[in-house]
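Commentary on secondary and tertiary structure
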Amino acid sequence: MMDKGTIFKFYNDLDTDQIIASQYLLLPNLEEMKAHTFESQDPDFAKKVQPGDFVVAGENFGCGSSREQAPGVLKALGVKAVIAKSFARIFFRNAINIGLPAIVCKDLPDDVQTGDTMELHMSEGTVEANGKTYTCTKLPEYMQHILNQGGLIASLNKEEDK
């Protein structure tokens, strides 16, 4: 399966407060919060990002607090996946829990810019951008299955329904 979209690039050590600032956590749901995603980095991000687009970042993406709203607002905006050099562990777990792919790709972030187009081949563990193919961490089959079902909670709920 191949997904194609536009890249929105961010830097190293981007914390969860920069993804969704704490004052917006008082809003009643992700639908209302998502308009404020990356507000301190790019005030128009939520208006520009389209379903199927990608967030690409450097090292330690999603550090800071354990708020699951950070990957939640990205998924609510339709971000297809976050590709980074590395992730904060809690962001990675929260992303998988809600069904947002978090893919480690060491070389891609240095070679792309916001506005570039890329193709993600998640089942092969590769990304294509600017005429070059990058090898990324291929998620194990069981994790891909969890993502395909909408995240860990949705997957567990489907197991209970059997």
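Preceding this paragraph is the structure being described.
1. As for the packing of aromatic side chains
Under the definition given, this model contains eight aromatic pairs. With a centroid separation of 5.1 Å and 80° between ring planes, the pair formed by F8 and F45 is classed as edge-to-face. Placement of F8 in strand β1 (residues 3-9) and of F45 in helix α3 (residues 45-48) is noted, with a sequence separation of 37 residues between them. Taken individually, F8 and F45 each receive the classification buried, so the pair is uniform in this respect. Look at F87 and F92: their rings are 6.1 Å apart centre to centre, the planes differ by 55°, and that puts the pair in the tilted class. Of the aromatic side chains, those joined through ring pairs into one cluster are F8, F10, F38 and F45.

2. Things to note about the packing of helix α4 (residues 69-76) against helix α5 (residues 89-98)
Axis separation between α4 and α5 bottoms out at 8 Å; the angle between their running directions is 45°. With respect to α5, the element α4 is oriented oblique. Crossing of α4 against α5: the hand is right-handed. From α4, A70, P71, G72, L74 and K75 reach across to α5, where they touch F91, N94, A95 and I98.

3. Focus: the environment of C136
Its place among the elements puts C136 in the loop between β7 (132-135) and α7 (141-148). For C136, the residues in contact, after removing those within four places along its chain, are I103, V104, C105, G125, T126 and V127.

4. Some details on the layout of surface pockets
Unoccupied space between atoms shows up once a probe the size of one water molecule is rolled over them. Quantified by volume, the largest pocket comes out at close to 170 Å³. Counted by class, the lining of the largest pocket contains six nonpolar, four polar and two charged residues.

5. A closer look at the pairing of β7
Bridge count between strand β6 (residues 126-129) and β7: four bridges; the pairing is antiparallel. Bridging from a neighbouring strand, E128 pairs with T133 of β7. If you look at the hairpin formed by β6 and β7, you'll find two residues sitting between the two strands, and N130 has a positive phi there, around 50°.

6. Side note on the pattern of salt bridges
Pairing between side chains of opposite charge can happen when their charged atoms approach one another. The full count for this structure, using the stated rule, is eight salt bridges. Across the pair R67 and D17 runs a salt bridge, and its minimum N-O distance is 3.1 Å. Remark: D17 occurs in helix α1 (residues 16-19) and R67 occurs in the loop between β2 (54-57) and α4; sequence separation between them is 50 residues. Owing to a relative accessible area of 15%, R67 belongs among the buried residues under this scheme. Given a relative accessible area of 36%, D17 falls into the partly exposed group.

7. Remarks on the pairing of strand β5 (residues 117-121)
Taken across its five residues, β5 has four buried, putting it largely inside the fold. By the bridge criterion, four bridges tie β1 to β5 in an arrangement that is antiparallel. When the sheet's bridge partners are listed, K4 is paired in β5 with E119. In terms of strand pairing, β5 meets β6 through four bridges, oriented antiparallel. Bridging across to β6, L120 finds its partner in V127. Between β5 and β6, which pair antiparallel in sequence order, lie four residues; one of them, G125, sits at a positive phi of approximately 75°.

How each quantity is defined
- Each chain carries its own residue numbering, running from 1 in the direction its sequence is written.
- Reporting of local features is limited, given that this is a predicted model, to residues whose pLDDT is at least 70; pairs of side-chain atoms are given and counted only at 80 or more, and all residues count toward the totals for whole chains, interfaces and linings.
- As a convention, hydrogens and water are excluded, and side-chain values are obtained from all of the structure's heavy atoms.
- Between the rings of Phe, Tyr and Trp (Trp by its six-membered ring), a pair exists once the centres lie within 6.5 Å; its type follows the angle of the planes, with under 30 degrees stacked, over 60 edge-to-face, and the other angles tilted.
- Numbering of helices and strands runs from the N terminus, with a helix taken as a DSSP run of H or I at least four residues long and a strand as a DSSP run of E at least two residues long.
- Partly exposed residues are those whose accessible area sits between 20% and 50% of the maximum for their type, while under 20% is buried and over 50% is exposed, using a 1.4 Å probe and protein chains only.
- Between N-to-C directions, angles span 0 to 180 degrees; the directions come from axes that are lines fitted to C-alpha atoms, helices contributing only their stretch in contact.
- Angle categories are assigned with fixed cut-offs, so that under 35 degrees is roughly parallel, over 145 is roughly antiparallel, 65 to 115 is roughly perpendicular, and the rest are oblique.
- By the definition used in this description, the sense in which the near helix is turned from the far one sets the handedness, with an anticlockwise turn below a right angle giving left-handed and a clockwise turn giving right-handed.
- Residue contacts are counted whenever heavy atoms from the two residues lie within 4.5 Å of one another.
- Within this scheme a cavity is a closed region of a 1 Å grid, computed over the protein atoms alone, that accommodates a 1.4 Å probe without allowing it to escape, whereas a pocket is open but has protein on both sides within 12 Å along at least five of seven lines; lining residues each have an atom within 4 Å of a point.
- Grid points are joined across faces, edges and corners, and a volume is the space filled by probe spheres set on the points.
- Gly counts as polar in this scheme, as do all residues outside two lists: the nonpolar Ala, Val, Leu, Ile, Met, Phe, Trp, Tyr, Cys and Pro, and the charged Asp, Glu, Lys and Arg.
- Two strands pair if DSSP finds at least two bridges between them.
- The rule for a salt bridge is simple: a side-chain nitrogen of Lys or Arg has to be within 4 Å of a carboxyl oxygen of Asp or Glu.

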